[in-house]
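# Fold and geometry: a report
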Amino acid sequence: MALFQKEKVKKKLDKAKLGRAIIRVLNEGKKDTFLEIIHELKSHEIALQYKELPRKRKSLFLEWLSIQQITEILRYLNKDEQLAVLESIGPDRSTELLHMMQNNDLAFLLTGLSKTKMDDLISQMRREEMESILHIMDYPAKTAGRVMTNRYIPISPDATVREAEQKIKNFENLAHFVNYLYVVDDSQRLIGVVTFRDLLLSEEHQLISEIMRDQPVQVDALTKQEDVARLIGRYDFEAIPITTGANILVGTISGEQVLDIVVREADEDIEMLLASGKSIDFRTKPLVAARRRLPWLILLLMIGLVSGSIISKFEETLDAVVALAFFMPMIAGMTGNTGTQSLAVVVRGLASEEMTWKKAIKLVLRELFVGIVIGVTCGLLIAVIAFFWQGNMVLGFVVGISLLATLIIGTIAGTVIPLILNKFKVDPAVASGPLITTLNDILSLLIYFGIATMFLSQLS
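Residues numbered from 1 in each chain as written. Predicted model: local features only at pLDDT ≥ 70, side-chain atom pairs only at ≥ 80, totals over all residues. Heavy atoms only, no water.

So, about the overall build of the protein chain. Secondary structure summary: the protein chain contains 23 helices and seven strands in total. Sequence separation of at least 24 residues holds for 67% of the intrachain contacts in the protein chain that already meet a minimum separation of 6. By element, 60% of the accessible surface of the protein chain is carried by carbon and sulfur atoms, the whole surface being about 25,100 Å². (Helix = DSSP H or I, 4+ residues; strand = E, 2+ residues; numbered from the N terminus. Contact = heavy atoms within 4.5 Å. Areas by Shrake-Rupley, 256 points an atom, 1.4 Å probe, with all protein chains shown as cover.)

Printed below as a string of C-alpha coordinates:
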(Lines give C-alpha, C1' and ligand atoms only; values in the text may rest on other atoms or scores of the structure.)
Protein backbone atom coordinates (compact mmCIF):
# COMPACT_ATOMS: atom_id res chain seq x y z
CA MET A 1 0.00 0.00 0.00
CA ALA A 2 2.84 2.40 0.75
CA LEU A 3 3.85 2.26 -2.90
CA PHE A 4 0.63 4.01 -3.88
CA GLN A 5 0.60 6.77 -1.28
CA LYS A 6 0.59 10.42 -2.29
CA GLU A 7 3.63 11.73 -4.18
CA LYS A 8 4.91 8.17 -4.67
CA VAL A 9 2.90 6.76 -7.53
CA LYS A 10 4.37 8.94 -10.27
CA LYS A 11 7.87 8.87 -8.82
CA LYS A 12 8.11 5.11 -8.37
CA LEU A 13 6.11 3.92 -11.37
CA ASP A 14 6.88 4.80 -14.95
CA LYS A 15 4.09 4.53 -17.52
CA ALA A 16 4.62 0.84 -18.28
CA LYS A 17 4.88 -0.14 -14.62
CA LEU A 18 1.85 1.98 -13.79
CA GLY A 19 -0.18 0.18 -16.46
CA ARG A 20 0.88 -3.21 -15.09
CA ALA A 21 0.06 -2.10 -11.54
CA ILE A 22 -3.44 -1.04 -12.59
CA ILE A 23 -4.04 -4.36 -14.36
CA ARG A 24 -2.80 -6.23 -11.28
CA VAL A 25 -5.11 -4.44 -8.83
CA LEU A 26 -8.03 -4.92 -11.25
CA ASN A 27 -7.27 -8.65 -11.44
CA GLU A 28 -7.00 -8.87 -7.66
CA GLY A 29 -10.14 -6.80 -7.06
CA LYS A 30 -8.36 -4.23 -4.88
CA LYS A 31 -10.61 -1.25 -5.39
CA ASP A 32 -9.10 0.90 -2.61
CA THR A 33 -5.62 0.51 -4.07
CA PHE A 34 -6.98 1.28 -7.54
CA LEU A 35 -8.60 4.50 -6.30
CA GLU A 36 -5.34 5.57 -4.63
CA ILE A 37 -3.51 5.15 -7.94
CA ILE A 38 -6.17 7.00 -9.91
CA HIS A 39 -6.30 9.82 -7.37
CA GLU A 40 -2.69 10.73 -8.24
CA LEU A 41 -3.34 10.90 -12.00
CA LYS A 42 -4.64 13.72 -14.16
CA SER A 43 -7.62 13.20 -16.45
CA HIS A 44 -5.57 12.74 -19.62
CA GLU A 45 -3.36 10.20 -17.79
CA ILE A 46 -6.41 8.23 -16.67
CA ALA A 47 -7.71 8.27 -20.25
CA LEU A 48 -4.36 6.99 -21.51
CA GLN A 49 -4.35 4.14 -19.00
CA TYR A 50 -7.91 3.25 -20.00
CA LYS A 51 -6.93 3.10 -23.69
CA GLU A 52 -3.97 0.83 -22.95
CA LEU A 53 -6.01 -1.68 -20.92
CA PRO A 54 -6.95 -5.09 -22.30
CA ARG A 55 -10.59 -5.01 -23.43
CA LYS A 56 -11.75 -7.45 -20.74
CA ARG A 57 -10.48 -5.14 -17.95
CA LYS A 58 -12.05 -1.90 -19.22
CA SER A 59 -15.52 -2.56 -17.78
CA LEU A 60 -14.23 -2.91 -14.21
CA PHE A 61 -11.94 0.12 -14.70
CA LEU A 62 -14.98 2.23 -15.61
CA GLU A 63 -17.10 0.70 -12.87
CA TRP A 64 -14.64 1.86 -10.22
CA LEU A 65 -14.39 5.40 -11.61
CA SER A 66 -16.86 8.08 -10.54
CA ILE A 67 -19.19 9.61 -13.13
CA GLN A 68 -17.26 12.88 -12.75
CA GLN A 69 -14.00 11.11 -13.61
CA ILE A 70 -15.54 9.36 -16.61
CA THR A 71 -16.93 12.68 -17.85
CA GLU A 72 -13.47 14.23 -17.64
CA ILE A 73 -11.69 11.45 -19.53
CA LEU A 74 -14.26 11.37 -22.37
CA ARG A 75 -12.76 14.47 -23.99
CA TYR A 76 -9.51 12.54 -24.52
CA LEU A 77 -11.26 9.67 -26.31
CA ASN A 78 -12.39 9.53 -29.92
CA LYS A 79 -16.03 9.11 -30.82
CA ASP A 80 -15.92 5.31 -31.11
CA GLU A 81 -14.24 5.05 -27.71
CA GLN A 82 -16.79 7.42 -26.15
CA LEU A 83 -19.67 5.32 -27.46
CA ALA A 84 -17.97 2.18 -26.14
CA VAL A 85 -17.76 3.80 -22.69
CA LEU A 86 -21.48 4.67 -22.73
CA GLU A 87 -22.34 1.11 -23.72
CA SER A 88 -20.05 -0.37 -21.08
CA ILE A 89 -21.32 1.60 -18.06
CA GLY A 90 -24.97 0.75 -18.69
CA PRO A 91 -28.12 2.87 -19.14
CA ASP A 92 -28.38 4.29 -15.61
CA ARG A 93 -24.82 5.62 -15.40
CA SER A 94 -24.97 6.66 -19.08
CA THR A 95 -27.96 8.87 -18.31
CA GLU A 96 -26.11 10.50 -15.43
CA LEU A 97 -23.03 10.93 -17.63
CA LEU A 98 -25.01 12.56 -20.44
CA HIS A 99 -26.48 15.03 -17.96
CA MET A 100 -22.97 16.10 -16.90
CA MET A 101 -21.55 16.52 -20.43
CA GLN A 102 -21.55 19.90 -22.14
CA ASN A 103 -24.16 20.06 -24.87
CA ASN A 104 -21.57 20.91 -27.55
CA ASP A 105 -19.59 17.78 -26.60
CA LEU A 106 -22.81 15.78 -26.84
CA ALA A 107 -23.54 17.26 -30.25
CA PHE A 108 -20.09 16.17 -31.43
CA LEU A 109 -20.70 12.69 -30.06
CA LEU A 110 -24.05 12.44 -31.83
CA THR A 111 -22.82 13.79 -35.18
CA GLY A 112 -22.66 11.01 -37.74
CA LEU A 113 -24.61 8.50 -35.66
CA SER A 114 -27.60 6.73 -37.13
CA LYS A 115 -31.00 8.14 -36.11
CA THR A 116 -31.69 5.00 -34.09
CA LYS A 117 -28.49 5.31 -32.05
CA MET A 118 -28.99 9.04 -31.57
CA ASP A 119 -32.58 8.54 -30.38
CA ASP A 120 -31.43 5.83 -27.97
CA LEU A 121 -28.91 8.19 -26.40
CA ILE A 122 -30.95 11.37 -26.11
CA SER A 123 -34.08 9.52 -24.97
CA GLN A 124 -32.30 9.04 -21.63
CA MET A 125 -31.94 12.79 -21.12
CA ARG A 126 -34.23 15.30 -19.45
CA ARG A 127 -36.62 17.06 -21.83
CA GLU A 128 -34.94 20.47 -21.48
CA GLU A 129 -31.49 19.03 -22.22
CA MET A 130 -32.85 16.97 -25.11
CA GLU A 131 -34.37 20.05 -26.72
CA SER A 132 -31.09 21.94 -26.29
CA ILE A 133 -29.12 19.18 -28.01
CA LEU A 134 -31.61 18.89 -30.85
CA HIS A 135 -31.46 22.67 -31.29
CA ILE A 136 -27.67 22.51 -31.66
CA MET A 137 -27.95 19.55 -34.05
CA ASP A 138 -30.18 21.68 -36.30
CA TYR A 139 -27.22 23.90 -37.18
CA PRO A 140 -25.02 22.77 -40.10
CA ALA A 141 -21.88 20.80 -39.29
CA LYS A 142 -18.71 22.83 -38.62
CA THR A 143 -20.60 26.03 -37.82
CA ALA A 144 -20.47 28.03 -34.60
CA GLY A 145 -23.97 26.86 -33.68
CA ARG A 146 -22.92 23.21 -33.79
CA VAL A 147 -19.96 23.66 -31.43
CA MET A 148 -21.32 26.30 -29.03
CA THR A 149 -22.31 25.62 -25.45
CA ASN A 150 -25.33 26.99 -23.60
CA ARG A 151 -23.37 27.17 -20.35
CA TYR A 152 -23.28 30.91 -19.86
CA ILE A 153 -24.77 33.36 -17.38
CA PRO A 154 -27.10 36.07 -18.75
CA ILE A 155 -27.71 39.17 -16.68
CA SER A 156 -30.11 42.12 -16.95
CA PRO A 157 -28.65 45.63 -17.47
CA ASP A 158 -30.82 46.81 -14.55
CA ALA A 159 -29.23 44.37 -12.09
CA THR A 160 -26.68 45.63 -9.55
CA VAL A 161 -23.14 44.34 -9.19
CA ARG A 162 -24.15 42.66 -5.93
CA GLU A 163 -27.04 40.86 -7.67
CA ALA A 164 -24.70 39.76 -10.47
CA GLU A 165 -22.22 38.33 -7.96
CA GLN A 166 -25.03 36.46 -6.21
CA LYS A 167 -26.19 35.04 -9.53
CA ILE A 168 -22.69 33.72 -10.21
CA LYS A 169 -22.76 31.96 -6.83
CA ASN A 170 -26.15 30.46 -7.68
CA PHE A 171 -24.62 29.05 -10.87
CA GLU A 172 -21.47 27.73 -9.21
CA ASN A 173 -21.67 24.60 -11.40
CA LEU A 174 -20.76 26.85 -14.35
CA ALA A 175 -17.71 28.37 -12.65
CA HIS A 176 -15.35 26.22 -14.75
CA PHE A 177 -16.89 27.46 -18.01
CA VAL A 178 -17.77 31.12 -17.33
CA ASN A 179 -15.40 34.06 -17.82
CA TYR A 180 -17.94 36.70 -18.75
CA LEU A 181 -21.47 37.76 -17.89
CA TYR A 182 -23.54 38.51 -20.98
CA VAL A 183 -25.95 41.41 -20.67
CA VAL A 184 -29.30 40.77 -22.39
CA ASP A 185 -32.59 42.66 -22.58
CA ASP A 186 -36.06 41.19 -22.00
CA SER A 187 -36.01 39.65 -25.49
CA GLN A 188 -32.66 37.93 -24.82
CA ARG A 189 -30.90 40.22 -27.27
CA LEU A 190 -27.22 40.71 -26.49
CA ILE A 191 -26.47 44.33 -25.57
CA GLY A 192 -23.22 44.13 -23.60
CA VAL A 193 -20.66 42.05 -21.75
CA VAL A 194 -19.15 42.22 -18.26
CA THR A 195 -15.90 40.54 -17.25
CA PHE A 196 -15.30 39.17 -13.77
CA ARG A 197 -12.61 41.84 -13.40
CA ASP A 198 -15.23 44.52 -14.06
CA LEU A 199 -17.34 43.11 -11.22
CA LEU A 200 -14.47 42.92 -8.75
CA LEU A 201 -13.41 46.52 -9.37
CA SER A 202 -16.95 47.97 -9.20
CA GLU A 203 -19.07 49.06 -6.26
CA GLU A 204 -21.84 46.68 -5.17
CA HIS A 205 -24.57 49.26 -5.76
CA GLN A 206 -23.54 50.07 -9.35
CA LEU A 207 -25.82 48.92 -12.16
CA ILE A 208 -24.57 46.47 -14.75
CA SER A 209 -25.55 48.98 -17.45
CA GLU A 210 -22.96 51.38 -15.98
CA ILE A 211 -20.02 48.98 -16.13
CA MET A 212 -20.86 46.80 -19.13
CA ARG A 213 -18.99 47.05 -22.42
CA ASP A 214 -21.31 48.03 -25.25
CA GLN A 215 -21.35 46.50 -28.73
CA PRO A 216 -19.45 43.34 -27.83
CA VAL A 217 -17.78 41.31 -30.56
CA GLN A 218 -20.13 38.47 -31.43
CA VAL A 219 -20.49 35.72 -34.01
CA ASP A 220 -23.52 34.53 -35.92
CA ALA A 221 -24.45 30.92 -35.23
CA LEU A 222 -24.00 30.02 -38.92
CA THR A 223 -20.40 31.29 -39.06
CA LYS A 224 -17.79 28.65 -39.92
CA GLN A 225 -16.08 27.32 -36.81
CA GLU A 226 -12.60 28.03 -38.23
CA ASP A 227 -13.62 31.69 -38.66
CA VAL A 228 -14.62 31.73 -34.99
CA ALA A 229 -11.21 30.32 -34.09
CA ARG A 230 -9.49 33.07 -36.09
CA LEU A 231 -11.63 35.75 -34.41
CA ILE A 232 -10.88 34.54 -30.88
CA GLY A 233 -7.19 34.36 -31.77
CA ARG A 234 -7.23 37.88 -33.24
CA TYR A 235 -8.84 39.50 -30.17
CA ASP A 236 -7.35 37.10 -27.60
CA PHE A 237 -10.78 36.45 -26.08
CA GLU A 238 -11.35 33.73 -23.51
CA ALA A 239 -14.83 33.21 -24.99
CA ILE A 240 -17.08 34.78 -27.60
CA PRO A 241 -20.91 35.05 -27.64
CA ILE A 242 -22.91 33.32 -30.38
CA THR A 243 -26.06 35.03 -31.63
CA THR A 244 -28.74 34.59 -34.27
CA GLY A 245 -29.56 37.06 -37.03
CA ALA A 246 -31.93 38.85 -34.64
CA ASN A 247 -29.03 39.34 -32.20
CA ILE A 248 -30.53 36.79 -29.80
CA LEU A 249 -27.88 35.24 -27.54
CA VAL A 250 -27.96 31.43 -28.02
CA GLY A 251 -24.60 30.27 -26.70
CA THR A 252 -20.87 30.86 -26.35
CA ILE A 253 -17.62 29.34 -27.58
CA SER A 254 -14.59 29.35 -25.27
CA GLY A 255 -10.90 29.43 -26.12
CA GLU A 256 -10.65 25.86 -24.83
CA GLN A 257 -13.31 24.76 -27.31
CA VAL A 258 -11.48 26.59 -30.09
CA LEU A 259 -8.34 24.62 -29.27
CA ASP A 260 -10.34 21.40 -29.57
CA ILE A 261 -11.68 22.62 -32.96
CA VAL A 262 -8.21 23.47 -34.24
CA VAL A 263 -6.76 20.13 -33.14
CA ARG A 264 -9.70 18.23 -34.65
CA GLU A 265 -9.44 20.13 -37.95
CA ALA A 266 -5.68 19.55 -38.04
CA ASP A 267 -6.19 15.81 -37.44
CA GLU A 268 -8.74 15.65 -40.26
CA ASP A 269 -6.50 17.59 -42.63
CA ILE A 270 -3.51 15.38 -41.86
CA GLU A 271 -5.62 12.27 -42.44
CA MET A 272 -6.76 13.62 -45.81
CA LEU A 273 -3.28 14.79 -46.77
CA LEU A 274 -2.03 11.27 -46.07
CA ALA A 275 -5.00 9.79 -47.96
CA SER A 276 -5.99 7.64 -44.99
CA GLY A 277 -9.42 9.26 -44.75
CA LYS A 278 -10.18 8.09 -41.22
CA SER A 279 -8.38 8.16 -37.91
CA ILE A 280 -5.54 5.67 -37.57
CA ASP A 281 -3.33 5.58 -34.49
CA PHE A 282 -0.98 3.21 -32.65
CA ARG A 283 -3.90 1.14 -31.34
CA THR A 284 -5.68 0.64 -34.67
CA LYS A 285 -5.78 -3.02 -35.66
CA PRO A 286 -3.82 -3.97 -38.83
CA LEU A 287 -6.85 -5.06 -40.84
CA VAL A 288 -8.81 -1.93 -39.85
CA ALA A 289 -5.88 0.33 -40.78
CA ALA A 290 -5.48 -1.46 -44.12
CA ARG A 291 -9.21 -1.18 -44.88
CA ARG A 292 -9.16 2.56 -44.20
CA ARG A 293 -6.14 3.17 -46.41
CA LEU A 294 -7.01 0.90 -49.30
CA PRO A 295 -9.76 2.91 -51.09
CA TRP A 296 -7.52 5.93 -51.67
CA LEU A 297 -4.50 3.82 -52.55
CA ILE A 298 -6.47 1.74 -55.05
CA LEU A 299 -7.70 4.95 -56.70
CA LEU A 300 -4.14 6.25 -56.85
CA LEU A 301 -3.00 2.89 -58.21
CA MET A 302 -5.47 3.21 -61.09
CA ILE A 303 -4.29 6.76 -61.79
CA GLY A 304 -0.69 5.59 -61.55
CA LEU A 305 -1.29 3.09 -64.35
CA VAL A 306 -1.61 6.11 -66.62
CA SER A 307 2.10 6.74 -65.99
CA GLY A 308 2.86 3.28 -67.30
CA SER A 309 0.81 3.87 -70.42
CA ILE A 310 2.65 7.15 -71.03
CA ILE A 311 6.01 5.38 -70.86
CA SER A 312 4.78 2.71 -73.29
CA LYS A 313 3.81 5.43 -75.78
CA PHE A 314 7.39 6.67 -75.74
CA GLU A 315 8.96 3.22 -75.93
CA GLU A 316 10.83 4.08 -79.12
CA THR A 317 12.33 7.16 -77.50
CA LEU A 318 13.52 5.06 -74.55
CA ASP A 319 14.94 2.39 -76.84
CA ALA A 320 16.88 5.03 -78.77
CA VAL A 321 18.25 6.74 -75.63
CA VAL A 322 18.33 4.35 -72.69
CA ALA A 323 19.98 7.03 -70.51
CA LEU A 324 16.62 8.84 -70.37
CA ALA A 325 15.39 6.15 -67.99
CA PHE A 326 18.08 7.09 -65.45
CA PHE A 327 16.42 10.46 -64.81
CA MET A 328 12.73 9.40 -64.78
CA PRO A 329 12.46 8.77 -61.00
CA MET A 330 14.22 12.07 -60.23
CA ILE A 331 11.97 14.11 -62.55
CA ALA A 332 8.76 12.56 -61.19
CA GLY A 333 9.90 12.68 -57.55
CA MET A 334 11.01 16.32 -57.63
CA THR A 335 7.75 17.39 -59.29
CA GLY A 336 5.67 15.58 -56.67
CA ASN A 337 7.75 17.05 -53.84
CA THR A 338 7.31 20.65 -54.98
CA GLY A 339 3.58 20.10 -55.49
CA THR A 340 3.18 18.68 -51.98
CA GLN A 341 5.15 21.58 -50.48
CA SER A 342 2.91 24.13 -52.21
CA LEU A 343 -0.17 22.18 -51.12
CA ALA A 344 0.95 22.30 -47.48
CA VAL A 345 1.54 26.07 -47.70
CA VAL A 346 -1.92 26.69 -49.20
CA VAL A 347 -3.82 24.40 -46.80
CA ARG A 348 -2.11 26.02 -43.82
CA GLY A 349 -2.89 29.49 -45.18
CA LEU A 350 -6.55 28.67 -45.80
CA ALA A 351 -6.86 27.40 -42.23
CA SER A 352 -5.50 30.63 -40.75
CA GLU A 353 -7.12 33.37 -42.86
CA GLU A 354 -9.95 34.15 -45.25
CA MET A 355 -9.02 33.76 -48.92
CA THR A 356 -10.06 36.46 -51.40
CA TRP A 357 -9.52 36.63 -55.17
CA LYS A 358 -6.81 39.22 -54.66
CA LYS A 359 -5.00 37.03 -52.13
CA ALA A 360 -5.42 33.97 -54.35
CA ILE A 361 -3.90 35.68 -57.39
CA LYS A 362 -1.06 37.06 -55.28
CA LEU A 363 -0.41 33.58 -53.87
CA VAL A 364 -0.40 31.93 -57.31
CA LEU A 365 2.01 34.56 -58.68
CA ARG A 366 4.27 34.14 -55.68
CA GLU A 367 4.33 30.35 -56.04
CA LEU A 368 4.95 30.75 -59.79
CA PHE A 369 8.02 32.86 -59.01
CA VAL A 370 9.10 30.32 -56.37
CA GLY A 371 8.69 27.53 -58.93
CA ILE A 372 10.78 29.41 -61.50
CA VAL A 373 13.59 30.04 -59.00
CA ILE A 374 13.59 26.42 -57.82
CA GLY A 375 13.27 25.14 -61.40
CA VAL A 376 16.15 27.23 -62.76
CA THR A 377 18.42 26.27 -59.86
CA CYS A 378 17.66 22.54 -59.95
CA GLY A 379 17.50 22.48 -63.76
CA LEU A 380 20.97 23.96 -64.18
CA LEU A 381 22.37 21.64 -61.51
CA ILE A 382 20.96 18.46 -63.05
CA ALA A 383 21.94 19.58 -66.56
CA VAL A 384 25.58 19.84 -65.51
CA ILE A 385 25.40 16.49 -63.69
CA ALA A 386 23.80 14.78 -66.70
CA PHE A 387 26.41 16.21 -69.07
CA PHE A 388 29.39 15.01 -67.02
CA TRP A 389 27.74 11.69 -66.17
CA GLN A 390 26.65 10.73 -69.69
CA GLY A 391 28.94 12.96 -71.75
CA ASN A 392 26.02 14.30 -73.78
CA MET A 393 25.30 18.03 -73.75
CA VAL A 394 21.91 17.65 -75.45
CA LEU A 395 20.85 15.08 -72.85
CA GLY A 396 21.84 17.51 -70.11
CA PHE A 397 19.78 20.23 -71.79
CA VAL A 398 16.73 17.94 -72.15
CA VAL A 399 16.86 16.81 -68.52
CA GLY A 400 17.48 20.34 -67.25
CA ILE A 401 14.73 22.04 -69.26
CA SER A 402 12.30 19.20 -68.42
CA LEU A 403 12.97 19.59 -64.71
CA LEU A 404 12.53 23.36 -64.98
CA ALA A 405 9.14 22.98 -66.69
CA THR A 406 7.87 20.22 -64.40
CA LEU A 407 8.87 21.99 -61.19
CA ILE A 408 6.99 25.11 -62.28
CA ILE A 409 3.91 23.07 -63.21
CA GLY A 410 4.13 20.99 -60.02
CA THR A 411 4.29 24.11 -57.86
CA ILE A 412 1.33 25.70 -59.65
CA ALA A 413 -0.72 22.49 -59.45
CA GLY A 414 -0.09 22.22 -55.70
CA THR A 415 -1.27 25.81 -55.33
CA VAL A 416 -4.22 26.02 -57.71
CA ILE A 417 -5.96 22.70 -56.93
CA PRO A 418 -6.62 23.42 -53.22
CA LEU A 419 -7.68 26.99 -54.08
CA ILE A 420 -10.22 25.68 -56.60
CA LEU A 421 -11.55 23.14 -54.10
CA ASN A 422 -11.83 25.85 -51.47
CA LYS A 423 -13.75 28.06 -53.92
CA PHE A 424 -16.29 25.27 -54.43
CA LYS A 425 -16.66 24.80 -50.64
CA VAL A 426 -14.73 21.52 -50.63
CA ASP A 427 -12.15 20.93 -47.89
CA PRO A 428 -8.82 21.63 -49.65
CA ALA A 429 -7.16 18.92 -47.62
CA VAL A 430 -8.86 16.36 -49.87
CA ALA A 431 -6.30 17.44 -52.48
CA SER A 432 -4.06 15.00 -50.66
CA GLY A 433 -0.32 14.72 -51.01
CA PRO A 434 -0.48 11.33 -52.79
CA LEU A 435 -3.08 12.65 -55.26
CA ILE A 436 -1.02 15.73 -56.11
CA THR A 437 2.08 13.57 -56.43
CA THR A 438 0.37 11.10 -58.76
CA LEU A 439 -1.04 13.82 -61.02
CA ASN A 440 2.34 15.54 -61.14
CA ASP A 441 3.98 12.22 -62.05
CA ILE A 442 1.77 12.03 -65.13
CA LEU A 443 2.45 15.63 -66.15
CA SER A 444 6.19 15.32 -65.55
CA LEU A 445 6.49 12.18 -67.71
CA LEU A 446 4.50 13.78 -70.53
CA ILE A 447 6.74 16.85 -70.48
CA TYR A 448 9.98 14.88 -70.09
CA PHE A 449 9.36 12.43 -72.92
CA GLY A 450 7.74 15.08 -75.06
CA ILE A 451 10.85 17.27 -74.94
CA ALA A 452 13.12 14.23 -75.35
CA THR A 453 11.22 13.16 -78.47
CA MET A 454 11.65 16.64 -79.95
CA PHE A 455 15.44 16.33 -79.62
CA LEU A 456 15.60 12.59 -80.35
CA SER A 457 17.71 12.99 -83.50
CA GLN A 458 20.40 14.87 -81.56
CA LEU A 459 20.25 12.52 -78.56
CA SER A 460 20.79 9.24 -80.46
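Let's pick the thread back up.
This part covers unusual backbone geometry. In the Ramachandran plot, Lys142 falls in the positive-phi region, its phi being about 65 degrees despite a non-glycine side chain. With respect to the helices and strands, the residue Lys142 is situated in the loop between helix H10 (127-137) and helix H11 (144-147). Looking at Lys142, the relative accessible area reads 36%, which means it is partly exposed. Phi at Gln215 is positive, roughly 45 degrees, even though this residue is not glycine. (Buried < 20%, exposed > 50% of the residue type's maximum accessible area, 1.4 Å probe, protein only.)

Taken N-terminus to C-terminus, the directions of helix H8 (residues 103-110) and H10 make an angle of 60 degrees; their axes are 9 Å apart at the nearest point. In terms of orientation, H8 and H10 fall into the oblique class. For the pair H8 and H10, the sense of crossing is right-handed. Across the interface between the two elements, Asn103, Asn104, Leu106, Ala107 and Leu110 from H8 touch Ser132, Ile133, Ile136 and Met137 from H10. Its residues placed into classes, the contact of H8 with H10 shows six nonpolar, three polar and no charged. (Axes fitted to C-alpha atoms, helices over the stretch in contact; angles between N-to-C directions. Parallel < 35°, antiparallel > 145°, perpendicular 65-115°, else oblique. Left-handed = near helix turned anticlockwise from the far one by under 90°. Nonpolar A, V, L, I, M, F, W, Y, C, P; charged D, E, K, R; others polar.)

Attention now moves to the pattern of salt bridges. Per the counting criterion, the structure on display carries six salt bridges. In this structure, Glu204 and Arg162 form a salt bridge, with 3.2 Å as the shortest nitrogen-oxygen distance. Of this pair, Glu204 sits in the loop between helix H13 (196-200) and helix H14 (208-211) while Arg162 sits in helix H12 (residues 161-170), and the two are 42 residues apart along the sequence. With its nearest N and O atoms 3.0 Å apart, the salt bridge here joins Arg189 to Asp185. (Salt bridge = Lys/Arg side-chain N within 4 Å of Asp/Glu carboxyl O.)

Within strand S2 (residues 180-184), five of the five residues are buried, which leaves it mostly tucked inside the rest of the structure. Across the two faces of S2 the burial is the same, with Tyr180, Tyr182 and Val184 and Leu181 and Val183 all buried. Taken together, the three bridges between strand S1 (residues 153-155) and S2 define a ladder with parallel strand orientation. When the bridges of S2 are listed, Ile153 appears paired with Leu181. Bridge analysis of S2 against strand S3 (residues 190-195) gives five bridges, and the strand direction is antiparallel. When the sheet's bridge partners are listed, Tyr182 is paired in S3 with Val193. Between S2 and S3, which pair antiparallel one after the other, the connecting turn spans five residues, and Gln188 there sits at a positive phi close to 65 degrees. (Pairing = 2+ DSSP bridges.)

The strands that make up a sheet pair up through hydrogen bonds in the backbone, lying either parallel or antiparallel. Taking strand neighbours across the sheet as the criterion, the four strands line up as S1-S2-S3-S4 in an open arrangement whose pairing is mixed. Strands at the two margins of the open sheet, each flanked by one partner only, are S1 and strand S4 (213-214). H12 rests against S1 and S2 of the sheet, and its axis sits at about 155 degrees to S1.

What follows deals with helix H3 (residues 31-39). Three or more residues of H3 are buried, namely Thr33, Phe34, Ile37 and Ile38. Across the axial projection of H3, the buried residues extend over an arc of 135 degrees, all falling on one side. Seen from the open side of H3, the exposed residues pointing more than 90 degrees away from its buried face are Asp32 and His39. (Arc of directions from axis to C-beta.)

This brings us to the packing of aromatic side chains. Following the criterion strictly, the structure yields 12 aromatic pairs and no others. Seen from their ring centres, Phe34 and Phe61 are 5.3 Å apart, and the 85 degrees between their planes marks the pair as edge-to-face. Taken as a pair, Phe34 in helix H3 and Phe61 in helix H5 (residues 55-64) lie far apart in primary sequence, 27 residues in all. As far as the burial class goes, Phe34 and Phe61 line up, both buried. These aromatic residues form a ring-pair network of at least three members: Phe34, Tyr50, Phe61 and Trp64. A cation over an aromatic ring shows up here: Lys58 above the ring of Tyr50, its NZ or CZ 4.9 Å from the ring centre. (Phe/Tyr/Trp six-rings, centres within 6.5 Å; stacked < 30°, edge-to-face > 60°. Lys NZ or Arg CZ within 6 Å of the ring centre and 35° of its normal.)

A few words now on the pairing of strand S7 (residues 249-254). Most of S7 sits out of view: six of its six residues are buried. In this sheet, S7 lies alongside strand S6 (residues 239-243) in antiparallel orientation, the contact comprising five bridges. From the neighbouring strand, Ile240 faces S7, where its bridge partner is Ile253. Where S6 folds back on S7, the antiparallel hairpin that results is connected by five residues, among which Asn247 adopts a positive phi of roughly 70 degrees.

Once that is clear, we can look at the nonpolar core. Taken as a class, soluble globular proteins show a tendency for nonpolar side chains to be buried jointly. Grouped together as the largest cluster of nonpolar side chains are 56 residues, with contacts concentrated most on Phe34, Phe61, Leu65, Ile242 and Ile253. When residues no more than four places from it in sequence are discounted, the contact partners of Phe61 are Ile22, Leu26, Phe34, Ile38, Ile46, Tyr50 and Leu53. If you look at the next biggest cluster of nonpolar residues, it comprises 24 residues, including Phe314, Phe327, Ile331 and Phe449. (Core = buried A, V, L, I, M, F, W, Y, C linked by side-chain atoms within 4.5 Å.)

With their axes 9 Å apart at the nearest point, H5 and helix H7 (residues 79-100) run at an angle of 45 degrees to one another. Regarding the angle of H5 to H7, the classification is oblique. Of the two elements, H5 crosses H7, and the hand of that crossing is right-handed. Contacts between H5 and H7 pair Ser59, Leu62 and Glu63 from the former with Val85, Ser88, Ile89 and Arg93 from the latter. The residue makeup of the contact of H5 with H7, split by class, is three nonpolar, two polar and two charged.

Glancing now at helix H15 (residues 225-235). Within H15, the full set of buried residues consists of Gln225, Val228, Ala229, Arg230, Leu231 and Ile232. Looking one or two places after H15, you find Asp236, whose phi comes out positive at around 60 degrees.

Looking now at the sheet that holds strand S5 (residues 219-220). Pairing is mixed in the open sheet, where three strands are placed in the order S5-S6-S7. Bordering the open sheet on either side are S5 and S7, each of which pairs with just one other strand. As defined by bridge partners, S5 adjoins S6 across two bridges and the pair is classed as parallel. By the bridge assignment for S6, Asp220 is matched with Thr243.

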